[in-house]
Amino acid sequence: AAEIVFPLSTDTMSVIYPIPTWDERTYDKKMFNDASEHIAIAFAALNGALIISIIVVMLVYKDHTAVKASSPLFVVLSLSGLLMLNFGMLTWVLENNAATCALRPWLLGVGFTLFLAPIAVKLWRIKTIFDTIN
């Protein structure tokens with residue numbers, strides 16, 4: 001027997017709202033059923049593959065003159081931050097639970113920091129080099 005709850009203004013309304021029992025409350029999670037989720041996953045997979053391939057190229061050719069000039073450690077750190085940001089975006093497609101809710105701020109915050117900190121350090125190094133020349 002379901003309990004019947006009346007709205008606040010029962011004197012003006014004739015509608016009653018039955019409360020469903022716990023057995024009647026079902027959640028049909030249809031993960032990865034929407035086209036936008038498919039696009040987000042495909043985009044994240046493509047970005048992840050591209051970032052990982054650039055990291056591999058940087059590590060394989062770390063002794064090349066052009067790669068040495070780009071400070072490969074800082075580039076790999078920045079790319080690692082981009083990879084974390086990429087995986088952080090994927091947590092929005094997954095089901096909400098304790099793990100995804102805990103991972104979102106960490107992946108996005110640490111990824112953003114890992115992406116921008118090496119760039120800021122490289123800019124500071126370039127500034128100090130040009131300041132000493134002048």
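Details of the structure are given in the entry above.
Note that this is a predicted model, so its numbers are computed, not measured. (Residues numbered from 1 in each chain as written. Predicted model: local features only at pLDDT ≥ 70, side-chain atom pairs only at ≥ 80, totals over all residues. Heavy atoms only, no water.)

What's the story with the packing of helix H1 (residues 35-60) against helix H3 (residues 72-90) in this structure? I'm lost.
Two packed helices can be described by the angle between their axes and the distance between those axes. Where H1 meets H3, the axes come as close as 10 Å, and the angle between the chain directions of the two elements is 165°. Taken together, the axes of H1 and H3 are roughly antiparallel relative to one another. Crossing of H1 against H3: the hand is left-handed. Between H1 and H3, the contacting residues are Ala40, Ile41, Ala44, Asn47, Gly48, Ile51, Ile52, Ile54, Ile55, Met58 and Leu59 on the first element and Pro72, Val75, Val76, Leu79, Ser80, Leu82, Leu83, Asn86 and Leu90 on the second. When the residues that make up the contact of H1 with H3 are grouped by side-chain class, the tally is 16 nonpolar, four polar and no charged. (Axes fitted to C-alpha atoms, helices over the stretch in contact; angles between N-to-C directions. Helix = DSSP H or I, 4+ residues; strand = E, 2+ residues; numbered from the N terminus. Parallel < 35°, antiparallel > 145°, perpendicular 65-115°, else oblique. Left-handed = near helix turned anticlockwise from the far one by under 90°. Contact = heavy atoms within 4.5 Å. Nonpolar A, V, L, I, M, F, W, Y, C, P; charged D, E, K, R; others polar.)

Help me out: how do you make sense of the nonpolar core in this one?
As a rule of thumb, nonpolar side chains are buried together in soluble globular proteins. Listed in full, the eight residues of the largest apolar core are Ile51, Ile55, Met58, Val67, Val75, Val76, Leu79 and Leu83. Elements with a minimum of two residues in this core: H1 and H3. When residues in this core are grouped by element, the largest group, four residues, is from H3. Discounting residues that sit within four places of it in the chain, Leu79 has contacts with Ile51, Ile54 and Ile55. (Core = buried A, V, L, I, M, F, W, Y, C linked by side-chain atoms within 4.5 Å. Buried < 20%, exposed > 50% of the residue type's maximum accessible area, 1.4 Å probe, protein only.)

Just checking my understanding: could you explain the environment of Tyr61 for this structure?
Note on placement: Tyr61 falls in the loop between H1 and helix H2 (65-69). Residues Tyr61 and Pro72 lie eleven residues apart in sequence; the distance between their C-alpha atoms is 9.4 Å.

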